[in-house]
Structures are given as C-alpha cells and as structure tokens.
Amino acid sequence: MISRPPHEPYREVPEGTFRWRLGVRPLDLADWLVITDHYTHEVAEKARIMAAHPNTAFCVLDDVEAECVEIATAVVDHLRHHHPDRFDQVELDPSLHPLDAAGRLIQEDLVVMVERDNDLIFAGGSVCFPNRWDLRSKLGRTMAEVHEPVTDLNAQLGDTVDAFLRRLTPTKPVWRLGWGVLDTDDLYQPLDGTAEPRPIDASPAAHHLRVERETLRRFPETGCILFTIHTHLTPLVDLPADSATALASALDAIPTGIAEYKQLDETGAAIANWLRESAGV
Ligand code: HEM
C-alpha cells in the first residue's frame, strides 16, 4: 500500500552541507494535538506501556504540580473543543498524576520544562514512544545537557535553542519536525533495557521512516513550557517513489558523526540505494 507520510522533513535537507536547524513554524493552536487513524491503537499501547514500565515512561519533579494541572486542563479543553464528536465527555483520570492522565488521552508524548535558578530545566514527562533516549536520565537537566548526546547539536544550535525558548510566549506557539529511519515499527524505544531487543541485520525493506511532529508552547499562568512529540511511522516499502528518492538524498547528505547518532552509519548507504532501486531510479 503506497502511503505518503503526513510530513516529509527529509525533503528540506540540503545536499552536501548538512546543519541542524531550529526549523520552527508558527502553530495554530487549533492544530496543537493531532488525532490520526492510529489513535485507538496508540492510546492502548500507552496504557500497556504505563502498566508494564511506569518508571521508564513517566517521571516528574515533585514541585511542578501546578504546571502539570495547567497543562492537563488545556489538553482536556482542546479535545472537548476541537474534537467534540469524539471527546465531548473526556475527563482526566483523577487517580493519576495530571501529566500522566493527560498523556494517556492523546497520541503525543509530553515533556514539561520549568525555570529554576535562571535555567530552563526538564521537569518531567509522559513519554511512551521515545526515539532511543531515556526520560529519567533527562530529569532536572538543562537543554544543553538534554541535547548533549546529539552530535554537533549544541555547537551548531545550543545558544539559538536557549534564546528561542526564553523568548517563547503563550501567544506564539510553534511546531517543528524531526526524522529518522529505524529497524523496527515498535514505538517504544527507550535505552534502559525494557524495549524489545533490536532486530539483527534488518534488511532495508524492514526499516521504517519515523517522523516526529513536535510542538512548543508556553503556558500563561505558571509560565512553564510544554514540548509535545507526535511520532508518525511509515514502512519504507510503502513510500511513493518521489518520497523514497528524497529520503535517499537526505540519507546521503548526513555527515558521519550525525549518522552515528541516528544509528544509520552502517546501514544508511544500503537503505538509500535500496530506496532508489525500489523507486526505479
Ligand atoms: C526548538 C528547539 C529544539 C530543537 C531545534 C531541537 C533539536 C533536536 C535535534 C535535532 C535532535 C536530534 C534528533 C534527530 O533528528 O535525530 C534532538 C533530540 C532530542 N531533543 Fe530536542 N530540540 C529542541 C527542543 C527540545 C526540547 C524543548 C526538548 C525537551 C524538553 C528536547 C528534547 C530532546 C531529546 C530528549 C532528544 C533526544 C536526545 C538523546 O538522544 O539523548 N528538545 N533535538
């Protein structure tokens, strides 16, 4: 089945001179949270993951209750107002932490940032679908510390990211995209040993495009920032020919260090060649 991914950020990778980019665009809050055909499956996955791996998928600092209540209330309001056919009666589970309860209602993963001692820090998250990183290891960290494993990111963009987040206001929310190619369609990819073992020697045809649609908004009452991550998966075998060739060109353009971070250093060239062959190029 040919299916075009909902977003195609790899089309924006310039040939030859790869640099990380802020890449933020204005967000219409009507589009803040996205409900797709995978909603029922992904919300069930979240419930399963939260039951099996609660300490991997949820953690929060003690003193951010007010921030999480503001966020959770906004999630419920958004669902009721923008998706009334499905969610007019939706409610938070009062037995759960408000951030956990909010995360289980939507496909997005949620990360909260707050200001402490003049630094913006990672204050907690409900993250069931991490792209090979560990939520708990980020708790209390600054943006530069959170991004430390990402090859060249702080050097190329660290100050820009910090300045951008400081200037972010409640009336100017944004969204951005990230992408990768993974050897599995399992959304649950933490590094702490609780994910399924990685497939051994997956063929190019067994890989999946993984696109993250991320939003950033500041909340007016508590001043916290919420980072949402909605992960969209598309099997490479389902890509139309023009998407496959665009993705192949982007894979060619990734420098070695960044390919290592994306775990594509050993497989990227073979995947790119396979994509071109399957597109008939
Ligand atoms: C506009 C601001 C931001 C930019 C430009 C940015 C950029 C990036 C990029 C390029 C990556 C590497 C992913 C890839 O393409 O392979 C990344 C990873 C990541 N980002 Fe951001 N990011 C931003 C904001 C944030 C925020 C606000 C958070 C959380 C509060 C966050 C958390 C992470 C995490 C957890 C990773 C994975 C790090 C790891 O592998 O250990 N980012 N980010």
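Procedures and definitions
- Residues numbered from 1 in each chain as written.
- Predicted model: local features only at pLDDT ≥ 70, side-chain atom pairs only at ≥ 80, totals over all residues.
- Heavy atoms only, no water.
- Near = heavy atom within 4 Å.
- Polar contact = N/O pair within 3.5 Å; in protein donor to acceptor, adjacent residues only side chain to side chain.
- Helix = DSSP H or I, 4+ residues; strand = E, 2+ residues; numbered from the N terminus.
- Nonpolar A, V, L, I, M, F, W, Y, C, P; charged D, E, K, R; others polar.
- Buried < 20%, exposed > 50% of the residue type's maximum accessible area, 1.4 Å probe, protein only.
- Pairing = 2+ DSSP bridges.
- Donors = N, O, S within 2.8 Å, 3.2 Å for Na, K, Ca; no water.
- Core = buried A, V, L, I, M, F, W, Y, C linked by side-chain atoms within 4.5 Å.
- Contact = heavy atoms within 4.5 Å.
- Salt bridge = Lys/Arg side-chain N within 4 Å of Asp/Glu carboxyl O.

Neighbouring residues of the ligand: 23 residues in total, closest Trp20, Lys138, His147, Tyr261 and Lys262. For the ligand, an oxygen atom lies 3.1 Å from a polar atom in the side chain of lysine 262. Every element with two or more residues in the shell around the ligand is listed here: strand E3 (109-116), helix H6 (143-146), helix H7 (153-167) and strand E5 (174-182). At three residues, H7 tops the list of elements feeding residues into the shell around the ligand. For the shell around the ligand, a count of residues per class yields 18 nonpolar, one polar and four charged.

Positive phi is not limited to glycine here, since aspartate 117 has a value of about 50°. Structurally, aspartate 117 is set in the loop between E3 and strand E4 (119-126). Using a relative accessible area of 79% as the deciding quantity, one classes aspartate 117 as exposed. In this structure, arginine 132 takes a positive phi of about 60° despite not being glycine. As for its placement among the helices and strands, arginine 132 is situated in the loop between E4 and H6. By relative accessible area, arginine 132 is classed as buried at 12%.

What follows deals with the sheet that holds strand E7 (residues 225-235). Strand order in this open sheet of seven strands is E1-E5-E6-E7-E3-E4-E2, and the pairing throughout is antiparallel. Strand pairing shows two members of the sheet lacking a second neighbour, strand E1 (25-26) and strand E2 (58-60), which therefore form its edges. Sheet topology note: the E3/E4 ladder contains seven bridges and is antiparallel. Bridge assignment links methionine 113 to a residue of E4, and that residue is phenylalanine 122.

Just one protein atom coordinates the iron atom of the ligand, and that atom is His147 (NE2), at 2.0 Å. By secondary structure assignment, the location of histidine 147 is in the loop between H6 and H7.

This brings us to the nonpolar core. Membership of the largest hydrophobic core comes to 85 residues, with the highest contact counts inside it found for Leu165, Trp179, Leu247, Leu251 and Leu275. Apart from residues lying up to four places away in sequence, tryptophan 179 is in contact with Pro9, Tyr10, Val13, Arg210, Val211, Leu247, Ala250, Leu251, Ile254 and Lys262.

Assignment of secondary structure puts histidine 232 in strand E7. Not counting residues within four places of it along the chain, the set of residues in contact with histidine 232 comprises Pro6, His7, Thr36, Leu209, Arg210, Val211 and Arg213.

Pairs may arise between side chains of opposite charge once their charged atoms sit close together. A complete count under the given rule lists 13 salt bridges for this structure. Note that arginine 176 is salt-bridged to glutamate 214, the shortest N-O span being 2.8 Å. Taken together, the residues arginine 176 in strand E5 and glutamate 214 in strand E6 (residues 208-218) connect sequence positions 38 residues apart. Residue class for arginine 176 comes out partly exposed when judged on its relative accessible area of 23%.

Once that is clear, we can look at the environment of alanine 259. Mapping alanine 259 onto the fold places it in helix H9 (residues 256-261). Along the chain, alanine 259 and glycine 180 lie 79 residues apart, while their C-alpha atoms are 9.8 Å from each other.

This next bit is on the pairing of E4. Across the eight residues that make up E4, a large majority, seven, are buried. Pairing geometry for E2 and E4, over three bridges, is antiparallel. Residue pairing across strands places phenylalanine 58 opposite serine 126, the latter belonging to E4. Between E3 and E4, which pair antiparallel one after the other, the connecting turn spans two residues, and aspartate 117 there sits at a positive phi close to 50°.

Moving on, we come to the environment of isoleucine 254. Mapping isoleucine 254 onto the fold places it in the loop between helix H8 (241-253) and H9. Judged by its relative accessible area of 10%, isoleucine 254 is buried. Between the C-alpha atoms of isoleucine 254 and valine 13, which are 241 residues apart in sequence, the distance is 8.6 Å. In this view, isoleucine 254 contacts Trp179, Ala259 and Lys262; residues no more than four positions away in its chain are not counted.

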